[in-house]
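For reference, the chains in residue letters:
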Amino acid sequence: MTLRVVVADDQALVRTGFRMIIDARDDLEVVGEASDGAEAVLLTRELAPDVVLMDVRMPVVDGIEATRQIVEGGSRARVLVLTTWDMDAHVVAALRAGAGGFLLKDIRPTELVDAIRLTARGDALLSPTVLSRVLDQFLRTTTDPTPPPALTDLSGREREVLTLIGQALSNGEIAERLRLSEATVKNHVTAVLRKLGLRDRVQAVVAAYDHGLVEPRRP
């Protein structure tokens, strides 16, 4: 199955570069390009992509607000936000808006395509390097009064899986750590999200931190 991607960036040269990298893979295809956040939202509605590669700083509507509109609009598309080291506050805002993952703008081509594949299947990309810089800030600055979901319905194994999700491990890495098959891990992840009422792995990471299952790592 070919994964459909929308690339949103206000720089035409950047969009062209991403298109060349993505379209060179047999299982990936750029189906649309957006030069601002409003266009990204519109194209997502019209084209129903699997992944939206979203820049933060764009005219008309920025990438954070565009992400929020896509998520709140019920789209099945996963939003992969592009960021740089000096934009931690924007990453925190994207996390609140419902982004499914984060990429540094200096990422290598092979890492870009792997990240798109991971994000498309719900194995959201939250690299430990990004987590160590922004997640503790998110937890300290969030004003959401909603208490974290209770873990009482989780089995012991599901709590283990949630802890490892909080450490930004992929399903494959969790399977290796727990000596389980990836299919079994995927079932556990699905159960964790369902029982805790979480949309995706990003929210699961926050829940793991909220409950003290993992500690924010310092740079």
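Conventions we followed
Every chain is numbered independently, its residues counted from 1 as its sequence is written. Thresholds applied to this predicted model are a pLDDT of at least 70 for local features of residues and 80 or more for the giving and counting of side-chain atom pairs; totals over whole chains, interfaces and linings are not thresholded and use all residues. The basis for every side-chain value is the complete set of non-hydrogen atoms in the structure, without hydrogens or water. Think of it this way: any DSSP run of H or I at least four residues long counts as a helix, any run of E at least two long counts as a strand, and we number them from the N terminus. Categorising residues by exposure relies on relative accessible area from a 1.4 Å probe, with only protein chains included: less than 20% of the type maximum marks a residue as buried, more than 50% marks it as exposed, and the intermediate range marks it as partly exposed. Throughout, a residue-residue contact means that at least one pair of heavy atoms, one from each residue, lies within 4.5 Å. Values of accessible area rely on a 1.4 Å probe in the Shrake-Rupley scheme; residue burial ignores everything except the protein chains shown. What makes a nonpolar core is a set of buried Ala, Val, Leu, Ile, Met, Phe, Trp, Tyr and Cys residues whose side-chain atoms join them at distances within 4.5 Å. Only the contacting stretch of a helix is used when fitting its axis, a line to C-alpha atoms as for every element, and angles between N-to-C directions run 0 to 180 degrees. By definition in this entry, angles of less than 35 degrees are roughly parallel, angles greater than 145 are roughly antiparallel, angles of 65 to 115 are roughly perpendicular, and the rest are oblique. Two helices that cross are described as forming a left-handed crossing if the nearer one is turned anticlockwise from the farther one by less than a right angle, and a right-handed crossing if clockwise. Here the nonpolar group is Ala, Val, Leu, Ile, Met, Phe, Trp, Tyr, Cys and Pro; Asp, Glu, Lys and Arg are the charged ones; every other residue, Gly included, is treated as polar. We treat two strands as partners when DSSP finds at least two bridges between them. A clockwise path from the first strand over the helix to the second, with the strands pointing away from the viewer, defines a right-handed crossover.

A. Here's a closer look at the overall build of the chain. Secondary structure assignment for the chain yields ten helices and five strands. In the chain, which comprises 219 residues, the proportion classed as buried is 48%. Taking all contacts inside the chain whose residues are at least 6 apart in sequence as the whole, residues at least 24 apart take part in 68%. By element, 50% of the accessible surface of the chain is carried by carbon and sulfur atoms, the whole surface being about 10,500 Å².

B. Inspection of the nonpolar core at higher detail. Grouped together as the largest cluster of nonpolar side chains are 24 residues, with contacts concentrated most on Val 52, Met 54 and Val 81. Of all elements in the fold, only β1 (3-8), α2 (37-47), β3 (51-54), α3 (63-72), β4 (78-83), α4 (88-97) and α10 (201-210) reach the threshold of two or more residues within this core. Within the second largest apolar cluster, 22 residues are counted, among which are Leu 151, Leu 164, Leu 169 and Leu 178.

C. Structural context of the packing of α2 against α3. Orientation of α2 relative to α3, taken along the N-to-C sense of each, is 20°, at an axis distance of 8 Å. Judged by the angle between their axes, α2 and α3 are roughly parallel. As α2 packs across α3, the resulting crossing turns out to be right-handed. Within the contact between the two elements, α2 uses Gly 37, Ala 40, Val 41 and Thr 44 and α3 uses Ala 66, Gln 69 and Ile 70. When its residues are assigned to classes, the contact of α2 with α3 shows four nonpolar, three polar and no charged.

D. Quick peek at the packing of helix α1 (residues 12-23) against helix α5 (residues 109-120). Between α1 and α5, whose axes approach to 10 Å, the crossing angle comes to 70°. Judged by the inter-axis angle, α1 sits roughly perpendicular to α5. Together, Phe 18, Ile 21 and Ile 22 of α1 and Pro 109, Leu 112, Val 113 and Ile 116 of α5 make up the contact between the two elements. Residues that form the contact of α1 with α5 fall into these classes: seven nonpolar, no polar and no charged.

E. Quick look at the pairing of β3. Side-chain alternation along β3 places Val 51 and Leu 53 on one buried face and Val 52 and Met 54 on a second face that is also buried. Pairing of β1 with β3, which is carried by four bridges, proceeds in the parallel orientation. By the bridge assignment for β3, Val 7 is matched with Leu 53. As paired strands, β3 and β4 are joined by four bridges and run parallel to one another. Each bridged residue has a counterpart across the sheet, and for Met 54 the counterpart in β4 is Val 81. As for the winding sense of the linkage, the β-α-β connection from β3 through α3 to β4 is right-handed.

F. Main features of the pairing of β1. Taking burial as the measure, the six residues of β1 include five buried ones, the bulk of the element. Bridge count between β1 and strand β2 (residues 28-34): six bridges; the pairing is parallel. Note on β2: the bridge partner recorded for Arg 4 is Glu 29. In this fold, β1 hands off to α1, which returns the chain to β2; that crossover is right-handed.

By themselves these figures say nothing about function.
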